[in-house]
Amino acid sequence: MLRRWQAILLATGVLASANASAFGNLDTYARPLLTLLAPGHGAIWRTGYLLALLLLAAAWVAMQRDQVAGGPFMAFAGSLPFTPRQRHRADLAVLLLADSPLLVVTACALGLTAGRGAPAAHAVLLADVALLALVA
């Protein structure tokens, strides 16, 4: 997970050094989701693109399966006196950290659409894509 965050920070630094504004960085990160909202595409293209985005999200999570599962630490954690509810909260925290780069893309897209005065349907679609990515 650390390597993936390092890649995001490196990309932000490179873009910032190229005299890109903070708004430009947000636009760059949100571009994969904003492409889904472009008016020039038909329903078949949007469906295919959405499936491709979801496959990428599933591949992202699959790369981190060992880290999300906890590895050898989970055997130790299982011996500690934690309730199942506390374990589920810890699992949720790890999952949110693992998926946080996906959430950064979604947050940038939601922020840009809200800032540009886009219709509420765009925000609902982006929220649905974020939920589908988290489910993946």
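Since we're looking at a predicted model, the values are computed, not measured.

A few points about the overall build of the protein
Step number 1: What the protein contains, in helices and strands, is eight helices and zero strands.
Step number 2: Counting from the amino terminus, the protein carries its helices and strands in the arrangement α-α-α-α-α-α-α-α.
Step number 3: Residues counted as buried form 22% of the 136 residues belonging to the protein.
Step number 4: Accessible surface for the protein amounts to roughly 8,800 Å². Of this, 73% is attributable to carbon and sulfur atoms.

Remarks on the packing of helix H6 (residues 84-98) against helix H7 (residues 100-115)
Axes are the key here: two packed helices are described by the angle between their axes and the distance separating the axes.
Step number 1: Between H6 and H7, whose axes approach to 5 Å, the crossing angle comes to 60 degrees. Between H6 and H7, the crossing angle belongs to the class labelled oblique. Contacts between H6 and H7 involve Leu96, Leu97 and Ala98 from the first element and Ser100, Pro101 and Leu103 from the second.
Step number 2: Across the contact of H6 with H7, the residue classes break down as five nonpolar, one polar and no charged.

Notes on the nonpolar core
Note that soluble globular proteins tend to have their nonpolar side chains buried in a common cluster.
Step number 1: With twelve residues, the main nonpolar core is built from Tyr29, Ala30, Leu33, Leu34, Leu36, Leu37, Leu53, Cys108, Ala109, Leu112, Leu126 and Val129.
Step number 2: The set of elements that each furnish at least two residues to this core consists of helix H2 (22-36), H7 and helix H8 (120-135).
Step number 3: The element that contributes the greatest number of residues to this core is H2, accounting for five residues.
Step number 4: Those residues in contact with Leu36, other than ones at most four positions away along the chain, are Arg46, Tyr49, Leu50, Leu125 and Val129.

A word on the packing of aromatic side chains
Step number 1: Taken as a whole, this structure holds one aromatic pair when the rule is applied.
Step number 2: Ring centres of Trp45 and Tyr49 lie 4.9 Å apart, and the angle between their planes is 10 degrees; this geometry places the pair in the stacked category. Taken together, the residues span about one helical turn, with Trp45 and Tyr49 both in helix H3 (residues 43-63) at a distance of four residues.

Considerations on H3
Step number 1: Relative to the 30 Å expected for 21 residues at 1.5 Å per residue, H3 spans 30 Å between its end C-alpha atoms, a close match to the ideal helical length.
Step number 2: When we look at burial in H3, the residues that qualify are Leu53, Leu54, Ala57, Trp60 and Val61. End-on view of H3: buried residues confined to an arc of 110 degrees, all on one side of the axis. Turned more than 90 degrees off the buried face of H3, the exposed positions are Ile44, Leu51, Leu55, Leu56 and Ala62.

Conventions we followed
- Residues numbered from 1 in each chain as written.
- Predicted model: local features only at pLDDT ≥ 70, side-chain atom pairs only at ≥ 80, totals over all residues.
- Heavy atoms only, no water.
- Helix = DSSP H or I, 4+ residues; strand = E, 2+ residues; numbered from the N terminus.
- Buried < 20%, exposed > 50% of the residue type's maximum accessible area, 1.4 Å probe, protein only.
- Areas by Shrake-Rupley, 256 points an atom, 1.4 Å probe, with all protein chains shown as cover.
- Axes fitted to C-alpha atoms, helices over the stretch in contact; angles between N-to-C directions.
- Parallel < 35°, antiparallel > 145°, perpendicular 65-115°, else oblique.
- Contact = heavy atoms within 4.5 Å.
- Nonpolar A, V, L, I, M, F, W, Y, C, P; charged D, E, K, R; others polar.
- Core = buried A, V, L, I, M, F, W, Y, C linked by side-chain atoms within 4.5 Å.
- Phe/Tyr/Trp six-rings, centres within 6.5 Å; stacked < 30°, edge-to-face > 60°.
- Expected span 1.5 Å × (residues − 1).
- Arc of directions from axis to C-beta.

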